[in-house]
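Observations on the three-dimensional arrangement
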Amino acid sequence: MELIEKLNWRYASKAMNGKKVDQHKIDTIIEAASLAPTSSGLQPFEIFVITNQEIKEQIRPIAWNQSVISDCSHLLVFAAWDTYTAERINKMFDLTNSIRGTKNEGWENYRQMLLNSYPQKDAEENFNHAAKQAYIAFSQSIAAAAFEGVDSTPLEGFDPAGLDEILNLREKGLRSCVMLPLGYRDSEKDWLVNLTKVRKSKEDLLTLIE
Ligand SMILES: Cc1cc2nc3c(=O)[nH]c(=O)nc-3n(C[C@H](O)[C@H](O)[C@H](O)COP(=O)(O)O)c2cc1C
């Protein structure tokens, strides 16, 4: 199948059947998230991969009781840094230097520029910026899941403070942004499965500046 065909096959599943997704497909979906571009390459988020049924059942009530939380195979939680700190920025720049085996003046100047700006900013502003980066990875994992023939439900309908508490995210300097249950659609129970996908016209989407 071509990319667009696969993206048309994808929809936000409302019911899943509990079937397990093979680990190699999960690994591919997570690798796609990891390969997403992020601002300054900081990857300011972590991904929690939940298969523990008890934890999923704890999450469901704070997520509008959505059944896919229980019936998915793997529940991904994207959690962004609660702020940018010097330590976090340095860790990524040091990692780059050690992997590339070089130290570059331009790159070090860029590090200093970030150190002189992000950590001084308001934590809420920094979290919002970090969350945007997490959404890029989230989106890439949705596309990768479709490519692997795995269903998913992008899921923002939950109480972030409640989820932070269940996963102890605040203690880790993280805040939940968005979830992605992965699994297989239950076509008999899913009211959305056979409905035509609706997208606005290209005329409403695009402005061509030629
Ligand atoms: C960030 C985000 C949050 C969403 N949250 C929910 C949700 O909590 N529950 C749900 O059933 N669908 C959720 N959706 C799915 C959207 O409603 C769905 O993607 C949209 O209606 C387009 O339909 P399609 O994905 O089936 O093409 C969410 C989608 C996104 C991108």
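Below: a short report on this structure. (Residues numbered from 1 in each chain as written. Predicted model: local features only at pLDDT ≥ 70, side-chain atom pairs only at ≥ 80, totals over all residues. Heavy atoms only, no water.)

Looking only at helices and strands, the protein has nine helices and four strands in total. Overall size of the protein, expressed as C-alpha extent along the three principal axes, is 60 × 50 × 35 Å. Relative to its full complement of 210 residues, the protein shows a buried share of 44%. With the model as given, the accessible surface of the protein reaches about 12,000 Å², and the carbon-plus-sulfur share is 52%. Looking at the protein, you have 24 positive and 30 negative side-chain charges, and the mean spots of the two groups are 2 Å apart. (Helix = DSSP H or I, 4+ residues; strand = E, 2+ residues; numbered from the N terminus. Buried < 20%, exposed > 50% of the residue type's maximum accessible area, 1.4 Å probe, protein only. Areas by Shrake-Rupley, 256 points an atom, 1.4 Å probe, with all protein chains shown as cover. Lys, Arg positive; Asp, Glu negative; His and termini not counted. Charge placed at Lys NZ, Arg CZ, Asp CG, Glu CD.)

Another point: the site of the ligand. Close to the ligand lie Arg10, Tyr11, Ala12, Lys14, Gln66, Tyr135, Pro154, Leu155, Glu156, Gly157, Lys197 and Arg199, which account for all nearby residues. Between an oxygen atom of the ligand and a side-chain N or O atom of Arg10, the distance comes to 2.8 Å. At 2.9 Å, a backbone N or O of Ala12 approaches an oxygen atom of the ligand. When isolated, the ligand has an accessible area of 620 Å², and the protein chains bury 65% of it. (Near = heavy atom within 4 Å. Polar contact = N/O pair within 3.5 Å; in protein donor to acceptor, adjacent residues only side chain to side chain.)

What follows is about the nonpolar core. Membership of the largest hydrophobic core comes to 52 residues, with the highest contact counts inside it found for Leu42, Phe78 and Met179. Those elements that place two or more of their residues in this core are helix H2 (23–34), strand S1 (45–50), helix H4 (68–71), strand S2 (74–81), helix H5 (86–100), helix H6 (105–115), helix H7 (123–147) and strand S4 (174–183). At nine residues, the largest contribution of residues to this core is made by H7. (Core = buried A, V, L, I, M, F, W, Y, C linked by side-chain atoms within 4.5 Å.)

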